[in-house]
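Structural overview for review
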Amino acid sequence: MRQRGVAVITALLVVALVTAATGFIAWRQQLWLRTVENQLNMAQAKGIARAALSLVRAELNDDRRRDGNKYDYPGKAWAVPISNIPVEQGSAGGLVRDLQGRFNLNNLLGSSGQPNEDWVESCRTLFRQLQLPAELLPNLLAWIDPGQTQRADGGPEDDYYLSLPQPYRAANQELTDINNLYRIKGFTHQVVAVLRPYVTVLPPTAEPVPVNVNFASEVVLRSLVGAEAAQAILLQRQDKPFENLEMLRLAVPEDVRDRIQPRLVDVRTDYFEAVTQARFGNVTVAYSSLLSRDSQTVSGTFPRVLWMRRSDLSEQSGGAAESFK
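What comes next is a walk through the structure. (Residues numbered from 1 in each chain as written. Predicted model: local features only at pLDDT ≥ 70, side-chain atom pairs only at ≥ 80, totals over all residues. Heavy atoms only, no water.)

1. Observations regarding the side chain of aspartate 72
In plain terms, the rule: The numbering of helices and of strands both runs from the N terminus, where a helix is a DSSP run of H or I of at least 4 residues and a strand a run of E of at least 2. Throughout this description, a polar contact denotes any pair of N or O atoms lying within 3.5 Å of each other; where both atoms belong to protein, one of them has to be capable of donating a hydrogen while the other can accept it, and for residues adjacent in sequence the pair is counted only when both atoms sit in side chains. A contact between two residues is defined here by any heavy atoms of the two lying within 4.5 Å.
Assignment of secondary structure puts aspartate 72 in the loop between α1 (2–67) and β1 (82–87). Within the local environment of aspartate 72, its side chain forms a polar contact with the side chain of tryptophan 78, the two groups lying 3.5 Å apart. Residues contacting aspartate 72, with those up to four places away along its chain left out, are Asp63, Trp78, Asn212, Asn214, Phe215, Val267, Arg268, Thr269 and Arg293.

Take a look at the structure:
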C-alpha cells in the first residue's frame, strides 16, 4: 500500500510538472508572438510616418512650384494641420511649423565667429521683453563663441563648466538643438520654457537667416524692428500677408524703415519643422523633422531632411536623431 501511495504521489507530481511546463511554454509562445506582432506593427507605423513626411515634402515643393516661393504666410496649404488620414489598419497625420517666424539663436555669430551686432542687440531686447536675466546673453555668446579665452562681458568658459560636480567643456560652436541651452549657465528649465515659443536653432549658414514677418510673434517683431514698426506690421498682416520687402517698408512708419533690412526680416520661409504621427495596429509613433527648402534650388527638388527624430505624442522634440544626407 505504501508503495502504491508513493507511486500515486509521484504520478501527480509528474502531471503537475508537465502541466506547469506546458503552461510556461504556451505563455512564452504567446509572448513571442505578441513581441513579433508589435515589431511588425512598429515597422509598419514607421513606414507610414515616413510616407507622411514624403507627402509633406511634396506639398512644400508644390507650393514653391505654384508661386515661385515668393512669400509664405499662415494661409498656405502646407500650414493647415492634418489630424487623421485613414490608412489600412491605421492612420496618419501631422502638421508643419514655420521656423523662420522665430529668432534663430545661431544668428548671434557670423561665419567669421564674430558677433552680429544687430542680432545681439535684438536678442538682448528679446530677453528683456521676456523678463529674463541680463547675464544670459553673455553666457550664451561665450558658449557658441569659437574662442576659449575669457570674454570681456564675463561669459563663462571651460573653467566654470569643468568645476561643476559633473564637469564638461563649453561647446565653443553653434547650437545644434534647442535643448543645448540646458547646458549653459543660467538656462534653467523655466528659462528654456519661456524662450521655446520664440526662438529656434537652425543650421549654420554664411549669412544670418532672416525672420519671416508673416509668422513672427509680436515679441520677436519688437525685438527686431522696434515697437512702432511691429505694431504696424501686425495691423497690416491681419488683412493681407506681406508679399515682398517693399510692401513691408511701406507699411511701417517712414522714420523706422531703415530697420527693414533683408539681413533681419523677410517674407519667405526656407526652414520648417514637420511633425508626423502614424498608427498601425496597437502601435503609435511620432517623428519631428527639420526640413530645408532652399529658395535657390529648382522646382522638382524636394526639401531636404536635415534631421529626423522620435517625438512624443504631444509634439515635443526629443529622442535620438537620425541624420539624413
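2. Overview of the packing of helix α2 (residues 117–129) against helix α3 (residues 136–144)
Definition in use: To get an axis, a line is fitted to the C-alpha atoms, and for a helix only the part in contact is used. The angle between two axes follows their N-to-C directions and goes from 0 to 180 degrees. Any angle from 65 to 115 degrees is called roughly perpendicular, while one under 35 is roughly parallel, one over 145 is roughly antiparallel, and all others are oblique. By definition, turning the near helix anticlockwise from the far helix through less than a right angle yields a left-handed crossing, and turning it clockwise yields a right-handed one. Residues are grouped as follows: Ala, Val, Leu, Ile, Met, Phe, Trp, Tyr, Cys and Pro are nonpolar; Asp, Glu, Lys and Arg are charged; all remaining types, including Gly, are polar.
In the contact formed by α2 and α3, the axes pass within 10 Å of each other and the chain directions differ by 135°. Our classification of the angle between α2 and α3 gives oblique. With respect to the hand of their crossing, α2 and α3 are arranged in right-handed fashion. Residues Val120, Cys123, Arg124 and Phe127 of α2 lie in contact with α3, whose contacting residues are Leu136, Leu137, Leu140 and Leu141. Tallied by class, the residues present in the contact of α2 with α3 amount to 7 nonpolar, no polar and 1 charged.

3. Quick look at the nonpolar core
As a reminder, the rule being used: The term nonpolar core refers to a set of buried residues drawn from Ala, Val, Leu, Ile, Met, Phe, Trp, Tyr and Cys, joined through side-chain atoms within 4.5 Å. Relative accessibility thresholds used throughout: buried, under 20% of the residue-type maximum; exposed, over 50%; partly exposed, between the two (1.4 Å probe, protein chains only).
Counting residues in each nonpolar core, the largest one holds 52 residues, and the members touching the most others are Leu108, Phe127, Leu140, Leu181 and Phe187. Among the elements of the structure, α2, α3, α5 (189–195), α6 (218–225), α7 (227–237) and α8 (245–251) are those that each provide at least two residues to this core. Leaving out residues up to four positions away in the same chain, leucine 181 has contacts with Leu105, Leu140, Leu175, Phe187, Val192 and Leu195. Counting 19 residues, the second largest nonpolar core, distinct from the first, contains Ala45, Val56, Ala278 and Met308.

4. Remarks on the environment of leucine 40
Mapped onto the elements, leucine 40 comes out in helix α1. Among the residues examined, leucine 40 registers a relative accessible area of 54% and is labelled exposed. Along the backbone, leucine 40 and valine 283 are 243 residues apart, and their C-alpha atoms lie at a distance of 9.5 Å.

5. Re a negative patch on the surface
Operational definition: Exposure above 30% relative accessible area and the absence of a salt bridge qualify a residue for a patch, where like charges join within 9 Å and nonpolar side chains (Val, Leu, Ile, Met, Phe, Trp, Tyr) within 5 Å. In short, Shrake-Rupley with a 1.4 Å probe defines the accessible areas, and a residue's cover is counted only from the protein chains shown. Each reported salt bridge corresponds to a side-chain nitrogen of Lys or Arg within 4 Å of a carboxyl oxygen of Asp or Glu. We score Asp and Glu as negative and Lys and Arg as positive, and we do not count His or the chain ends. All charge positions are set by atom: Lys at NZ, Arg at CZ, Asp at CG, Glu at CD.
Among the surface-exposed residues, Glu228, Glu254, Asp255 and Asp258 lie close enough to one another that they form a single negatively charged patch. With respect to the helices and strands, the residue glutamate 254 is situated in the loop between α8 and β6 (265–266). A relative accessible area of 65% places glutamate 254 in the exposed class.

6. Observations concerning unusual backbone geometry
A positive phi is found at glutamine 89, a non-glycine position, where the angle reads about 60°. Taking the relative accessible area as the measure of exposure, glutamine 89 reaches 52% and is therefore exposed. Of note, the phi angle at asparagine 172 is positive, near 50°, even though the residue is not glycine. Here asparagine 172 shows up in the loop between α4 (158–161) and α5. Owing to a relative accessible area of 11%, asparagine 172 belongs among the buried residues under this scheme.

7. So, the packing of aromatic side chains
Here is the rule: Think of it this way: a Phe, Tyr or Trp ring, Trp meaning its six-membered ring, pairs with another when their centres are within 6.5 Å, and the plane angle makes it stacked under 30 degrees, edge-to-face over 60, tilted otherwise.
Within the structure shown, the criterion is met by 8 aromatic pairs. Geometrically, the ring pair formed by tryptophan 143 and tyrosine 168 is edge-to-face, given 6.3 Å between the ring centres and 75° between the ring planes. Highlighted residues: tryptophan 143 in helix α3 and tyrosine 168 in the loop between α4 and α5, separated in sequence by 25 residues. For tryptophan 143, a relative accessible area of 4% translates into the label buried.

8. Here's the deal with the environment of valine 285
If you trace the backbone, valine 285 turns up in strand β8 (residues 283–292). Under the relative-accessibility criterion, valine 285 is labelled buried at 1%. Spatially, the C-alpha atoms of valine 285 and lysine 46 are 6.9 Å apart, while their sequence positions differ by 239 residues.

9. Re α2
Heads up, the condition is: What a helix is expected to span follows from its residue count: subtract one and scale by 1.5 Å.
End to end, α2 covers 18 Å across 13 residues, agreeing with the expected 18 Å (1.5 Å per residue, within 8%). Residues Trp119, Val120, Ser122, Cys123, Thr125, Leu126 and Phe127 constitute the buried set of α2. Check the buried side of α2 and you find it contacts β3 (103–104), α3, α5, β4 (199–200), β5 (211–212) and α6. Glutamine 131 occupies a position one or two residues after α2 and carries a positive phi of about 60°.

10. Focus: the packing of α6 against α7
Between α6 and α7, the shortest axis-to-axis distance is 7 Å and the interhelical angle comes to 135°. By the angle between their directions, the pair α6 and α7 is classed as oblique. Regarding α6 and α7, the two cross each other, and that crossing is right-handed. Facing Glu218, Leu221, Arg222 and Val225 of α6, the residues of α7 in contact are Ala227, Ala229, Ala230, Gln231, Ile233, Leu234 and Arg237. Counted by class, the contact of α6 with α7 contains 7 nonpolar, 1 polar and 3 charged residues.

Limitation: the analysis is restricted to geometry and does not speak to function.
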